[in-house]
Amino acid sequence: MLKIVVTALLWCLPLLTFPAHWFVALGLPLPQPLLFSRLLGAAYLALLAGYACGIREIDRGGFPQAAVSSGIAGNGLAFAVLAVYGASGSWSTWSTGARWFMWTSTLGALVMTVALAMFLRGERRARER
């Protein structure tokens, strides 16, 4: 649930609703065209809907295979992209707060990927017993 709330507040909401000048005010480069940022926010929101369905599946006693698989793919790829761009210095001219946000997001994506992979592994081991 924490992943859903954090992603909704720190990624979906800004990407879907922030006016262009707010990105600049936060020390981020202005996304051009803004349309792609809006589409990314919409894609994140769709992913969060899948996560919410996964939580309902757990509440019903099932295993949320689709939510876990999409979470591993989404967070794993986000980590890879963020890590490559961060390591290459793409954020070096951004404000300190913006760089901190991006590196925290990078670490968060890695943590979520590992946690979901461990959850999946635990489920597979439980089924083997």
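Everything below is about the structure printed above this text.
Quick look at the nonpolar core
Phase 1 of the analysis: Formed by Trp11, Leu15, Phe18, Phe23, Leu28, Leu82, Trp91, Trp94, Ala98 and Met102, the largest nonpolar core amounts to 10 residues.
Phase 2 of the analysis: Put simply, the parts of the chain that give this core at least two residues each are helix H1 (2–17) and helix H5 (96–128).
Phase 3 of the analysis: Leaving out residues up to four positions away in the same chain, methionine 102 has contacts with Trp11, Leu82, Trp91 and Trp94.

Notes on the environment of arginine 38
Phase 1 of the analysis: On the secondary structure map, arginine 38 appears in helix H3 (residues 34–59).
Phase 2 of the analysis: Overall, arginine 38 belongs to the partly exposed group, its relative accessible area being 23%.
Phase 3 of the analysis: Between the C-alpha atoms of arginine 38 and serine 69, which are 31 residues apart in sequence, the distance is 24 Å.
Phase 4 of the analysis: Not counting chain neighbours up to four residues away, the residues in contact with arginine 38 comprise Pro14, Leu15, Leu16, Thr17, Phe18 and Pro19.

A few points about H3
Phase 1 of the analysis: Taking 1.5 Å per residue as the helical rise, H3 with its 26 residues ought to reach 38 Å, and the 38 Å between its terminal C-alpha atoms agrees with that figure.
Phase 2 of the analysis: Listing the buried residues of H3 in full gives Ser37, Gly41, Leu48, Tyr51 and Gly54.
Phase 3 of the analysis: Buried residues in H3 make contact with H1 and helix H4 (65–87).
Phase 4 of the analysis: Positive phi appears at glycine 61, one or two residues downstream of H3, with a value of about 90°.

Criteria and cut-off values
- Along each chain, residue indices are assigned from 1 in the same order as the chain's sequence is written.
- In keeping with the predicted nature of the model, local features appear solely for residues at pLDDT of at least 70, side-chain atom pairs appear and are counted solely at 80 or more, and the whole-chain, interface and lining totals rest on all residues.
- The side-chain numbers reported here are obtained from all heavy atoms of the structure, hydrogens and water having been left aside.
- Grouping buried Ala, Val, Leu, Ile, Met, Phe, Trp, Tyr and Cys residues that are joined through side-chain atoms within 4.5 Å yields what is termed a nonpolar core.
- Each residue's exposure class comes from its accessible area (1.4 Å probe, protein chains only) as a fraction of the maximum for that residue type: buried when under 20%, exposed when over 50%, partly exposed otherwise.
- By definition, any uninterrupted DSSP run of H or I lasting at least four residues is a helix, any uninterrupted run of E lasting at least two residues is a strand, and each is numbered from the N terminus.
- The contact criterion used throughout is that any non-hydrogen atoms of two residues lie within 4.5 Å.
- A helix's residues, less one, multiplied by 1.5 Å, set its expected span.

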